[in-house]
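Results of the structural survey
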Number of protein chains: 2
Amino acid sequence: MKAASRERRRNEIMDIAVEVLAERGYRGASMLEIANRASASKETLYAWFGDKPGLFEQVIRRNARAVQAALAPRLENDTTAESVLVAFGQALLRLLLGEDAVAINRAAISEAASDSRLAQVLASAGREATLPDFIRFLEGHSRNGTWQIDTPSEAAEDFLGLLIGDSQIRRLLGLLPAPGEAEILARANRAAARFSRLYAP
Amino acid sequence: MKAASRERRRNEIMDIAVEVLAERGYRGASMLEIANRASASKETLYAWFGDKPGLFEQVIRRNARAVQAALAPRLENDTTAESVLVAFGQALLRLLLGEDAVAINRAAISEAASDSRLAQVLASAGREATLPDFIRFLEGHSRNGTWQIDTPSEAAEDFLGLLIGDSQIRRLLGLLPAPGEAEILARANRAAARFSRLYAP
DNA sequence: CATAAACCGTACCATACGGTACGGATAAGA
DNA sequence: TCTTATCCGTACCGTATGGTACGGTTTATG
């Protein structure tokens, strides 16, 4: 009964770490404030997570697992290729433009100049874990003739570019609010339609 | 003879500010180090730029002017529409993925959580200054039949998405080096080709 | 050449943060 | 109920930063 409780506590603390991160940014998120809000002690934070980068590395890994779990199922082909594309696009936009991902990406970017540790973790647990699945999905539909694709990796980039555009950057800059469900659907639909036109046989 | 000299000195200091920014990130770029490298005194920095955000606000404005000056001429139609698109794309990629812009965008993103002042300046002097020109360019070629475009603003986003993809984010995360001229040309060509296919009459 | 302004180098102050140490409370286990 | 390990709250230390003050020196101006 103890391991489960510790795991819950760990998650509580990481939830609060993301919360503080979103409010104050990476440098501004002090270990003291995280400890206080979590009714934990600094010593516990350091005992469990090593140091400040260590804490946020764990936060990033946990987030990446959630992303992977939300995206992978969307790529299982049970309906139209284009509808899978739309569903995948929606899920990706929801995650990428949501508060947590924005806070995490801001943190990784903030530190990238002097230390790319967080960025490395973000990339290897995020993009590099999901993109191959998506590319395989495109390859499948290239072989079966849905689309005519020469280089699936480039096609994947095209779709992501059409889907996301510069909304992620503007979101990171704090110039856009988190999009509503309607806007997400519209963007995903548009991107899928453009993609289908681009790679029509 | 004094005004010109002061202006040169100002630019020297801002050059060094960008340099330090690129090495240490926004929080890590201390006013002391900037002053020391510039053989200036902290007091002069504060006298000229107000405070730390003020200094980097000036840096951003200067960079935005350079960007605008580099991009606007590309849109003057003297050759093929597609070749203008390629040239514009090349120039944009060079600027957006270059060291200075990366450092500046990182800074604005770092502070966005707690203070969007830098981001506001970056947006209003950057994107909002150049995008309208590009949209007008697309409108012109929509009227004259080169492309069939319903909503020029969306078409502009499509081109930028195809052009940039996720390379800007990966660059900000420190996962990609600055691209060489060959790669820039290739990306611009690809994006222009895709765009032409997408909006062919 | 003399005078005044601008600027450099240094010292200084208050503040905040990361990280460590320690005593007391609390909850699990025998 | 007693014991032991865990965790909370607080205090503490060294360091670094933004911002200000000031004497001395260089540079422009008359």
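Being a predicted model, the structure only gives us computed values, none of them experimental.

Quick notes on the rules
Residues numbered from 1 in each chain as written. Chains lettered and ligands numbered in written order. Predicted model: local features only at pLDDT ≥ 70, side-chain atom pairs only at ≥ 80, totals over all residues. Heavy atoms only, no water. Helix = DSSP H or I, 4+ residues; strand = E, 2+ residues; numbered from the N terminus. Expected span 1.5 Å × (residues − 1). Buried < 20%, exposed > 50% of the residue type's maximum accessible area, 1.4 Å probe, protein only. Arc of directions from axis to C-beta. Phe/Tyr/Trp six-rings, centres within 6.5 Å; stacked < 30°, edge-to-face > 60°. Near = heavy atom within 4 Å. Polar contact = N/O pair within 3.5 Å; in protein donor to acceptor, adjacent residues only side chain to side chain. Least-squares fit on C-alpha atoms with pLDDT ≥ 70 in both. Contact = heavy atoms within 4.5 Å. Nonpolar A, V, L, I, M, F, W, Y, C, P; charged D, E, K, R; others polar. Buried area = accessible area lost by both parts, 1.4 Å probe. Salt bridge = Lys/Arg side-chain N within 4 Å of Asp/Glu carboxyl O. Axes fitted to C-alpha atoms, helices over the stretch in contact; angles between N-to-C directions. Parallel < 35°, antiparallel > 145°, perpendicular 65-115°, else oblique.

1. Structural notes on helix α11 (residues 181-198) of chain B
Residues and elements named next belong to chain B. Its 18 residues give α11 an end-to-end C-alpha distance of 26 Å, which sits within 8% of 26 Å, the value for a rise of 1.5 Å per residue. Regarding α11, the residues found buried are Ile184, Arg187, Ala188, Ala191, Ala192, Phe195, Ser196 and Leu198. An end-on view of α11 places all buried positions within 160° of arc, on one side of the element.

2. Notes on the packing of aromatic side chains
Residues and elements named next belong to chain B. Evaluated as defined, the whole model comprises 16 aromatic pairs over all chains. Geometrically, the ring pair formed by phenylalanine 134 and phenylalanine 137 is stacked, given 6.1 Å between the ring centres and 20° between the ring planes. Of the two residues, phenylalanine 134 and phenylalanine 137 are both situated in helix α8 (residues 127-143); the distance of 3 residues between them amounts to about one turn of the helix. Overall, the relative accessible area of 5% leaves phenylalanine 137 in the buried class. Residues phenylalanine 159 and phenylalanine 195 carry aromatic rings whose centres are separated by 5.8 Å and whose planes lie at 85° to one another, so their mutual orientation is edge-to-face.

3. A word on the protein's contact with DNA strand D
For DNA strand D, the set of nearby residues contains 17 residues, the closest of which are Arg9 and Thr44 of chain A together with Lys42, Glu43 and Lys52 of chain B. The sugar-phosphate portion of DNA strand D accounts for 55% of its atoms within 4 Å of the protein, the bases making up the rest. Between DNA strand D and lysine 42 of chain B, the relevant distance is 2.6 Å, taken from a base nitrogen to a side-chain nitrogen or oxygen of the residue. In the model, a phosphate oxygen of DNA strand D is placed 2.7 Å from a nitrogen or oxygen of the lysine 52 of chain B side chain. Where the surface near DNA strand D is concerned, the elements lending two or more residues are α1 (2-28) and α3 (42-49) of chain A together with α3 (42-49) of chain B.

4. Some words on the relation of the copies chain B and chain A
For these two chain copies, the linking operation is a rotation about an axis paired with a shift along it. Overlay of chain B on chain A (RMSD 0.0 Å): rotation 180°, translation along the axis 0.0 Å. The relationship between the two copies is best expressed as a two-fold rotation axis. When C-alpha distances to the rotation axis are compared across chain B, the minimum falls at glycine 161 of chain B, with a value of 2.1 Å. Interface residue correspondence from chain B to chain A reaches 100%, placing this contact among same-surface, isologous pairings.

5. As for the protein's contact with DNA strand C
If you check the shell around DNA strand C, you find 17 residues, and the closest are Lys42, Glu43, Tyr46 and Lys52 of chain A together with Thr44 of chain B. Among the atoms of DNA strand C close to the protein, meaning within 4 Å, 56% are from sugar or phosphate groups. The side chain of lysine 42 of chain A places a nitrogen or oxygen atom 2.6 Å from a base nitrogen of DNA strand C. In this structure, tyrosine 46 of chain A approaches DNA strand C through a side-chain N or O atom, which is 3.1 Å from a phosphate oxygen. Grouping the constituent residues of the surface near DNA strand C by class yields 5 nonpolar, 4 polar and 8 charged.

6. Focus: the interface of chain B and chain A
Listed by partner, the interface residues are 40 residues for chain B and 41 residues for chain A. When chain B packs against chain A, the two sides together hide about 3,600 Å² of surface, and 55% of this comes from carbon and sulfur. If you sort the residues of chain B by the area they bury against chain A, Ile109, Leu173 and Leu198 of chain B come out on top, with a joint share of 17%. Where chain B packs against chain A, one counts 10 salt bridges. With its nearest N and O atoms 2.5 Å apart, the salt bridge here joins arginine 190 of chain A to glutamate 154 of chain B. The tally of links between chain B and chain A comes to 17 residue pairs in polar contact (both at pLDDT 80 or more).

7. Let's talk about the side chain of glutamate 111 of chain A
For glutamate 111 of chain A, the position within the fold is in helix α6 (residues 99-112). Those residues within four positions of glutamate 111 of chain A in sequence are excluded, and the remaining contacts are Tyr26, Arg27, Ser116 and Leu118 of chain A.

8. Remarks on the environment of arginine 194 of chain B
Structurally, the position occupied by arginine 194 of chain B is in helix α11. When residues no more than four places from it in sequence are discounted, the contact partners of arginine 194 of chain B are Asp158, Leu198 and Tyr199 of chain A together with Leu162 of chain B.

9. Some details on α8 of chain B
Residue and element names in this part refer to chain B. Given a rise of 1.5 Å per residue, 17 residues ought to cover 24 Å, and the 24 Å separating the end C-alpha atoms of α8 matches this to within 8%. For α8, the set of buried residues is Thr130, Leu131, Phe134, Ile135, Phe137, Leu138 and His141. The buried residues of α8 occupy one face: seen down the axis, they fall within an arc of 155°. Away from its buried face by more than 90 degrees, α8 exposes Glu128, Arg136 and Arg143. Contacts from the buried residues of α8 go to α4 (52-71), α5 (81-96), α9 (152-164) and α11.

10. Quick look at the packing of helix α7 (residues 117-125) of chain B against α8 of chain B
Residue and element names in this part refer to chain B. In the contact formed by α7 and α8, the axes pass within 3 Å of each other and the chain directions differ by 25°. One finds that α7 runs roughly parallel with respect to α8. Contact with α7, carried on its side by Leu122, Ala123, Ser124 and Ala125, involves Arg127, Glu128 and Ala129 of α8 and no other residues of that element. Of the residues in the contact of α7 with α8, the class split is 4 nonpolar, 1 polar and 2 charged.

11. Thoughts on unusual backbone geometry
All names here are of chain A. The phi dihedral of serine 39 falls on the positive side, at around 50°, and the residue is not glycine. Following the sequence through the fold, serine 39 ends up in the loop between α2 (31-37) and α3. Taking relative accessible area as the criterion, serine 39 reaches 65% and is therefore assigned exposed.

12. A look at the environment of alanine 188 of chain B
All names here are of chain B. On the secondary structure map, alanine 188 appears in helix α11. Here alanine 188 falls in the buried class, since its relative accessible area comes to 0%. Considered as a pair, alanine 188 and serine 124 are 64 residues apart in the sequence and their alpha carbons are 25 Å apart. Excluding its chain neighbours within four sequence positions, the residues that come into contact with alanine 188 are Val86, Gly89, Gln90, Leu93 and Leu163.

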